[in-house]
Amino acid sequence: MTDQNASDTALVLFSGGQDSTTCLAWALSRFARVEMLGFTYGQRHAIELDCRDQLLAGIKRVRPEWSAKLGDSHTLDIPTLSEISDTALTRDVAIEMGADGLPNTFVPGRNLVFLTFAGALAYRRGIRHIIGGMCETDYSGYPDCRDETIKALQSALNLGMARDFELHTPLMWLDKAATWRLAHELGGAGLVDLIREHSHTCYLGERGAQHDWGYGCGECPACSLRAKGWREYVARGGP
């Protein structure tokens, strides 16, 4: 962490999921003030957004010194994204692989749109650092999660807005087991338990069944990745 970062404000894409909660903790450990941004876009798992309040309350208990760093929480409504997409995240259809080799949970342009709106909000708020949970190490193959994509978008945002934004992706090269480990390093067992209990990952919005890794259907790609990561995290020595 540089002295400059220690006095700066960051904007975290905070959906209420495991990855974004870990990124929020990562930001709180590095920046003087942290604002949050979530999106509604007709997603089937919009219940994740409802988890944010309990996660924020829990983070204040886990690390009381972070309370003063938490700034405004923003939510932007982008209904057009679901209107122009035909995916299992925005339609009540079965999750399956497409002919292009991508799961039909891929929402084309989603992260591009999210980060563009985040840039516009950061521009207005005078924020330079934008943090997202994109990862291409242990993921579903979405092309807009790749490091190359994020770097290209950072260049585009800086050119298009005449700003010096820095897009941070602290999970980019971590598998899900390492993401659990990072949460433990940042907030100890308390943060790990908070993420297990109150974050949401399941694409189907299922919170009826509780597993050792959290709530979810246990079968969709998001649940499978989270569960696999938890098993590997435990096998590697942790919690």
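In the annotation of an unreviewed UniProt entry, the chain is listed under the name 7-cyano-7-deazaguanine synthase and assigned to Bradyrhizobium elkanii. For the record of the chain, the UniProt heading Pathway (unreviewed entry) holds the text "Purine metabolism; 7-cyano-7-deazaguanine biosynthesis."

Asks: Any details on the packing of aromatic side chains? Residues and values, ideally.
Replies: For the structure on display, the rule yields six aromatic pairs. On the numbers, 5.5 Å between centres and 65° between planes, the contact of Tyr 41 with Phe 114 is edge-to-face. Highlighted residues: Tyr 41 in the loop between strand 2 (33–40) and helix 3 (47–50) and Phe 114 in helix 6 (residues 110–125), separated in sequence by 73 residues. For the pair Tyr 41 and Phe 114, a shared accessibility class is recorded, and that class is buried. Feature note: the residues Phe 39, Tyr 41 and Phe 114 constitute an aromatic cluster, connected by ring pairs.

Asks: Any details on the pattern of salt bridges? Residues and values, ideally.
Replies: Inspection of every chain in the model, using the stated rule, returns 12 salt bridges. We note a salt bridge from Glu 232 to Lys 228, for which the minimum N-O separation is 2.9 Å. On the criterion of helical spacing, the pair formed by Glu 232 and Lys 228 is a turn pair, its members being four residues apart in helix 9 (residues 221–235). The partly exposed category is assigned to Glu 232, whose relative accessible area is 23%. For Lys 228, a relative accessible area of 35% puts it in the partly exposed group. Taken together, the shared-partner salt bridges connect Arg 33, Glu 35, Asp 72 and Arg 125 into one network.

Asks: I'd like to hear about the environment of Ser 155, residue by residue, with values.
Replies: Mapped onto the elements, Ser 155 comes out in helix 7 (residues 147–161). On the accessibility criterion, Ser 155 (41% relative accessible area) is partly exposed.

Asks: For the side chain of Asp 147, give the residues involved together with the corresponding values.
Replies: Relative to the assigned elements, Asp 147 resides in helix 7. Its relative accessible area of 15% is what places Asp 147 among the buried residues. Once residues within four sequence positions are removed from consideration, Asp 147 is found in contact with Glu 136, Thr 169, Met 172 and Trp 173.

Asks: An account of the sheet that holds strand 4 (residues 129–131) is requested, with residue identities and associated values reported.
Replies: Read across the sheet, five strands follow the order 3-2-1-4-5 without closing on themselves; strand pairing throughout is parallel. For this open sheet the edge positions go to strand 3 (70–77) and strand 5 (166–168), each flanked by a neighbour on one side alone. In this sheet, adjacent strand axes meet at a mean angle of 25° when their direction is disregarded. Here strand 4 runs beside strand 5; their pairing, made up of three bridges, is parallel. When the sheet's bridge partners are listed, Ile 131 is paired in strand 5 with His 168. Running at roughly 170° to strand 3, helix 4 (residues 52–62) makes contact with strand 2 and strand 3 of the sheet. Along the sheet, helix 6 contacts strand 1 (9–13), strand 2, strand 3, strand 4 and strand 5; its crossing angle with strand 1, the most-contacted strand, is approximately 155°.

Asks: Provide a residue-level description of unusual backbone geometry, including the pertinent values.
Replies: Even without a glycine there, the phi angle at Ala 162 is positive, about 55°. Here Ala 162 lies in the loop between helix 7 and strand 5. What makes Ala 162 exposed here is its relative accessible area of 62%.

Asks: If you had to explain helix 6 to someone new, which residues and values would you point to?
Replies: It helps to recall that an α-helix has 3.6 residues per turn; residues three or four apart then point in one direction. In a regular helix each residue adds 1.5 Å, so 16 residues correspond to 22 Å; helix 6 covers 22 Å between its end C-alpha atoms and thus fits that length. Looking one or two residues beyond helix 6, the residue adopting positive phi is Gly 126, at roughly 70°.

Asks: Help me get a handle on the UniProt feature "binding site: ATP" (unreviewed entry) in the chain, residues and values and all.
Replies: UniProt marks Phe 14, Ser 15, Gly 16, Gly 17, Gln 18, Asp 19, Ser 20, Thr 21, Thr 22, Cys 23 and Leu 24 with the feature "binding site: ATP" (unreviewed entry), using the numbering shown here. By the element assignment, Ser 15 lies in the loop between strand 1 and helix 2 (18–28). Excluding residues within four positions of it along the chain, Ser 15 makes contact with Ser 20, Glu 48, Leu 49 and Arg 52. Tracing the sequence through the fold places Gly 17 in the loop between strand 1 and helix 2. You can call Gly 17 buried: its relative accessible area is 6%.

Thresholds, definitions, all that
- Residue positions within a chain follow its written sequence, with the count starting from 1.
- Residue-level local features of this predicted model are given only where pLDDT is at least 70; pairs of side-chain atoms are given and counted only at 80 or more, and the full residue set underlies all totals for whole chains, interfaces and linings.
- Where side-chain values are given, they derive from all heavy atoms of the structure, hydrogens and water being excluded.
- UniProt positions are given in the numbering used here, feature names are shortened, and annotations may be inferred rather than shown by experiment.
- Working definition: a ring pair exists when centres of Phe, Tyr or Trp rings (six-membered ring for Trp) sit within 6.5 Å. Plane angles under 30 degrees give stacked, over 60 give edge-to-face, the rest tilted.
- Helix and strand definitions here come from DSSP, where helices need a minimum of 4 consecutive H or I residues and strands a minimum of 2 consecutive E residues; each element is numbered from the N-terminal end.
- We call a residue buried when its accessible area falls under 20% of the maximum for its residue type, exposed when it is over 50%, and partly exposed in between, using a 1.4 Å probe and counting protein chains only.
- Any carboxyl oxygen of Asp or Glu within 4 Å of a side-chain nitrogen of Lys or Arg constitutes a salt bridge here.
- Residues count as neighbours in contact if any of their non-hydrogen atoms are within 4.5 Å of one another.
- One requirement defines pairing of two strands: DSSP has to find at least two bridges between them.
- Throughout, an axis means a line fitted to C-alpha atoms (over the contacting stretch in the case of helices), and angles, computed between N-to-C directions, take values from 0 to 180 degrees.
- Helix span, as expected, comes to 1.5 Å for every residue beyond the first.

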